[in-house]
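# Structure assessment
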Amino acid sequence: MNVFCAVRRVVPRLAVLALLCGTAMGDLIYQATFSGAAGSSNGDAIYGVTGGTATIRDNGTGTAEVVAAPGPVAGGYLRTFYPNGAAAPYGARITPASPANSLAALFSTDPTSGQRQLEGGLDFFFQNDTDLDRGEELRFIDNDNRGSGGLRLVVQGGSTSGDLYVEVIGNTGAFGDGTTNKVTKATSAFQILANRLYHLGVTFSTDDATGQTTVRLFGLEGNRALDTSAATLAEGFLGSLSFNLDESVVTNGFISGAYDIGSLRNSGADKVQYFDHYRLYDAVPSAFLEVPEPCTLILTSTGLLGVFTSLRRRRRAA
Ligand SMILES: [Ca+2]
Ligand SMILES: [Ca+2]
Ligand SMILES: [Ca+2]
């Protein structure tokens, strides 16, 4: 069988797979899968990263390490021990390869309407050693670009009622309605319980013409896909909030440089937390997929990945 025949036999199947896989992936601009690390000291390189680099963030009293053994999700994971009273942070320092791989990539100005836009999302997996019921028990992300006319982003959870929420904070006048802090809160029916794995995700989408931005919060227990069109708690929809950025005040979005993820604040009690598979998108994906992603499984289990690789090799050699 010549190469051309082999290509013709495989390409239709690959096309179907590309369709299946491509639709859910959105525009992934950064990913940390925590497959391993060079060491467990502050600054040591973390492996399994695309779109930039990641390093261990360890403030000395507690622990931040990548455990290479299979964890709650797939492959290795980031484990933090944050002792009561210790200074922050414990987790990972994310360094995007360029602004296009950073949180800043979610921000743009519509060329027709002139409206400021936030478009994209992020997701990660999380497990806590107790019920999430203390203030600051989870503060996964917190970075501030207000000094450059931008926005502060906080993803956090924990209070006596177990609240989980996303905050977008701006300078005075940022939302044109007298407020400077927009909080998208999960329904209290969603609670993060001890020693269970949760998949959490946030999306930002903006109407091009009106500039109305909607923030949506998603979560499900287990290693399951989060459908970003979900509308019920059972499907993983937790809450949403809309606002409209004021063009004269908000001239920038989130930060373009390095930032931390993980266990970023003292909660008044010792805590052990697991984080895995942090992903950042500059367009809203149709789903935040489970890990490993189904298309990877199909390709691997059918051996198609090998066929595709050998075909490419043969075509290049030809
Ligand atoms: Ca992993
Ligand atoms: Ca707790
Ligand atoms: Ca606007």
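Residues numbered from 1 in each chain as written. Chains lettered and ligands numbered in written order. Predicted model: local features only at pLDDT ≥ 70, side-chain atom pairs only at ≥ 80, totals over all residues.

### Brief notes about the overall build of the chain
Defined as follows: For the purposes of this entry, the term helix denotes a DSSP run of H or I that reaches at least four residues, the term strand denotes a run of E that reaches at least two, and both are numbered from the N terminus. Our exposure labels follow a C-beta count within 10 Å of each residue's own C-beta, placed from the backbone: buried means 20 or more other C-beta atoms, exposed means 12 or fewer, and partly exposed covers the counts in between. By the convention adopted here, residues are in contact when the distance between their C-beta atoms, placed from the backbone, does not exceed 7 Å.
If you tally the helices and strands in the chain, you get three helices and 20 strands. Taking all 318 residues of the chain together, the buried fraction comes to 42%. Nonlocal contacts in the chain, meaning residues at least 24 apart in sequence, comprise 69% of its contacts between residues at least 6 apart.

### Section: the nonpolar core
Basically, it comes down to this: Among buried residues, those of type Ala, Val, Leu, Ile, Met, Phe, Trp, Tyr and Cys that are joined through C-beta atoms within 7 Å form a set called a nonpolar core.
Grouped together as the largest cluster of nonpolar side chains are 72 residues, with contacts concentrated most on Ala 32, Ile 46, Ala 92, Leu 103, Phe 254 and Phe 275. In contact with Phe 254, other than residues within four places in its own chain, are Leu 103, Ala 104, Leu 106, Phe 107, Asn 143, Asn 145, Gly 150, Leu 151 and Leu 153.

### Some details on the pairing of strand E13 (residues 181-185)
What counts is decided by this rule: Strands qualify as paired when DSSP identifies two bridges or more between them.
Burial along E13 is one-sided: Lys 182 and Thr 184 are buried, and none of Asn 181, Val 183 and Lys 185, which face the opposite way, are. Relative to E13, strand E12 (residues 164-169) runs antiparallel, the two being bridged by five bridges. Bridge pairing in E13 places Val 168 opposite Lys 182.

### Quick notes on the pairing of strand E6 (residues 90-96)
Burial analysis of E6 places six of its seven residues in the buried class, the great majority of the element. Note: strand E3 (residues 52-58) against E6, seven bridges, orientation antiparallel. Looking at E6, one finds that Thr 53 is bridged to Thr 95. Pairing geometry for E6 and strand E18 (residues 259-263), over five bridges, is antiparallel. Paired with Ile 94 across the bridge in E18 is Tyr 259.

### Describing the environment of Thr 80
Within the fold, Thr 80 resides in strand E5 (residues 77-82). Taking the C-beta count within 10 Å as the criterion, Thr 80 has 23 such neighbours and is therefore assigned buried. With 191 residues separating them along the chain, Thr 80 and Lys 271 place their C-alpha atoms 8.0 Å apart. In contact with Thr 80, other than residues within four places in its own chain, are Gly 62, Thr 63, Ala 64, Tyr 90, Gly 91, Gly 262, Ser 263 and Gln 273.

### A few points about the environment of Ile 261
With respect to the secondary-structure elements, Ile 261 resides in strand E18. Discounting residues that sit within four places of it in the chain, Ile 261 has contacts with Gly 91, Ala 92, Ile 94, Phe 140, Ile 141, Phe 275 and Tyr 278.

### Observations concerning the environment of Arg 196
For Arg 196, the position within the fold is in the loop between E13 and strand E14 (198-206). Overall, the presence of 14 C-beta atoms within 10 Å leaves Arg 196 in the partly exposed class. Between the C-alpha atom of Arg 196 and that of Asp 129, which follows or precedes it by 67 residues, the distance is 8.4 Å.

### A few points about unusual backbone geometry
Look at the link from Ala 88 to Pro 89: it is a cis peptide, with omega at 0°. With respect to the element layout, Pro 89 can be found in the loop between E5 and E6. In this structure, Pro 292 follows Val 291 across a cis peptide bond, with omega equal to -5°. Along the chain, Pro 292 turns up in the loop between strand E20 (287-288) and helix H2 (294-302). Of note, the phi angle at Phe 34 is positive, near 55°, even though the residue is not glycine.

### A word on the confidence of the model for the chain
Using the following cut-off: Think of pLDDT as the predictor's per-residue confidence, scored from 0 to 100.
When the pLDDT values of the chain are averaged, the result is 89; 84% of them are 70 or greater. Across residues 1-8, where pLDDT falls below 50, the model places six contacts with residues more than four positions away in sequence or in other chains.

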